[in-house]
Amino acid sequence: MKRQIFAPEHDAFRETVRSFLAREVLPYYEQWEQDGIVSREAWRAAGKQGLLGLAADEEYGGGGTADFRYSAVLAEEFTRAGAPGLALGLHNDIIGPYLTGLATEEQKRRWLPGFCDGSLITAIAMTEPGAGSDLQGIRTHAEDRGDHWLLNGSKTFISNGILADLVIVVAKTTPEGGAHGLSLLVVERGTEGFERGRNLDKIGQKAQDTAELFFHDVHVPKENLLGELHGAFVHLMTNLAQERLSIAVAAIAAAEHLLEITTEYVKEREAFGRPLATKQHIRFEIAEMATECAVTRAFLDRCIEDHSSGGLDAVHASMAKWWATELQKRVADRCLQLHGGYGYMTDYPVARAFTDGRIQTIYGGTTEIMKEIIGRSLLG
Ligand SMILES: Cc1cc2nc3c(=O)[nH]c(=O)nc-3n(C[C@H](O)[C@H](O)[C@H](O)COP(=O)(O)OP(=O)(O)OC[C@H]3O[C@@H](n4cnc5c(N)ncnc54)[C@H](O)[C@@H]3O)c2cc1C
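This is a predicted model, so every value here is computed, not measured.

The rules behind the values
- Residues numbered from 1 in each chain as written.
- Predicted model: local features only at pLDDT ≥ 70, side-chain atom pairs only at ≥ 80, totals over all residues.
- Heavy atoms only, no water.
- Salt bridge = Lys/Arg side-chain N within 4 Å of Asp/Glu carboxyl O.
- Buried < 20%, exposed > 50% of the residue type's maximum accessible area, 1.4 Å probe, protein only.
- Helix = DSSP H or I, 4+ residues; strand = E, 2+ residues; numbered from the N terminus.
- Contact = heavy atoms within 4.5 Å.
- Domains from an automatic or database assignment.
- Buried area = accessible area lost by both parts, 1.4 Å probe.
- Phe/Tyr/Trp six-rings, centres within 6.5 Å; stacked < 30°, edge-to-face > 60°.
- Lys NZ or Arg CZ within 6 Å of the ring centre and 35° of its normal.

Caption draft 1: Structural context of the pattern of salt bridges. A full pass over the atoms with the stated rule returns 29 salt bridges. Ionic pairing is found between R69 and D67, a salt bridge with its closest N-O pair at 3.0 Å. Overall, R69 belongs to the partly exposed group, its relative accessible area being 22%. Overall, D67 belongs to the buried group, its relative accessible area being 16%.

Caption draft 2: The side chain of E76, seen in detail. Residue placement: E76 occurs in helix α3 (residues 68–80). With residues up to four places along the chain from it excluded, the contact list for E76 reads R3, F6, R14, V249, A253 and R297.

Caption draft 3: View of the domain arrangement of the protein. Taken domain by domain, the protein consists of domain 1 (8–120), domain 2 (123–230) and domain 3 (233–379). Look at where the C-alpha atoms of domain 1 and domain 3 centre, and you get two points 23 Å apart. Taken residue by residue, the interface counts 19 residues in domain 1 and 19 residues in domain 3. At the boundary of domain 1 with domain 3, total buried surface from both sides reaches about 1,700 Å², with 60% on carbon and sulfur atoms.

Caption draft 4: Layout of the packing of aromatic side chains. Within this structure, the stated rule accounts for six aromatic pairs. Between F194 and F215 the ring centres are 5.3 Å apart and the planes differ by 15°, which places this aromatic pair in the stacked class. Placement of F194 in strand β6 (residues 194–199) and of F215 in strand β7 (residues 210–221) is noted, with a sequence separation of 21 residues between them. Accessibility expressed as a relative area gives 10% for F194, which makes it buried. Following the ring pairs from residue to residue traces out a cluster consisting of Y28, Y29 and W32. Stacked on the ring of W322, the Lys or Arg K371 has its end atom at 4.4 Å from the ring centre.

Shown next, in the form of structure tokens:
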């Protein structure tokens, strides 16, 4: 089915993204995977190319558009290229809304120009060693000390954790914490007492730095409170819908791409004197995956359109997230199987997609938590 959600300006943007990937990302990607981190120059180049801060106002150097289809194009192209390490989607779609939607005018002037030109790389730190799915269990806390917050605690699994210049930290600002006692505090690189732990060794997404963060008596200026005091839970619930859609968009793009490369592979690879593609089992595998991808694509494109016009709710974003990421996981596994032993070799894209994609059903809210959200909306 021909996709109908894009206009010529989105197609032109897609070409820009493709040439950016060919020029600034793919030649360096293997090195970044070995290093466990991408270069800061790549972020600068993305800023220069206009790929950062798509939704930020033009006066701060942003793209000035709330049209999520541009973000979708970016996610699709980075996924097809097998380059999730340069986490522009995290910066734009997941962290961007906190800065554009919650920051005061003064904070916008301080942070958005760097956010848009790639000199301020961002992270969001919710998860802790003892609190992932259940954010009400967060223990990192900040005490009101008059002109500053005194922040103590630790976070783990934070994407961009090593590179980040600005980290939005979710912390308890009342002794009990929970739904009405959490706030968002922005901690800046170089603040005394803010330390980074290891760059964590993951099974996939090797070029993406994922780290532990530690806060020991960190003085966070009062003017670095983002959004409402004790309002973090509501802010998170509002913005997590876009985060989930963004992950789902990458998931369906990954599944479609895996299907394409596997379709080509089974046409070329021969066994028992004939191409694999002549065997009924293989044909059924491809047919089933193509059907599942097409059905999912229709739903996802509708979600992208709804979100671009401000109409996607948290429940449908949760449906998109668990469904598309579970599909990605199934397709990656089946496509790897169809590649035989070659599928297990890391120089084959299918192997990389298998390990890179495995996290998708976990971060941004697990499949189980997505089903909880949907179930709660239907059953109370
Ligand atoms: C590569 C990577 C990058 C990440 N990036 C970030 C980041 O940038 N910022 C950030 O804050 N976090 C990040 N995370 C953390 C991620 O969001 C969490 O790992 C995730 O939310 C799950 O939390 P957890 O690991 O504590 O698992 P747990 O919450 O301990 O869950 C373990 C299992 O129990 C299930 N479970 C939990 N509660 C329920 C329930 N009520 N009903 C049924 N099943 C349940 C879960 O679905 C899961 O299968 C990242 C993680 C990884 C691995």
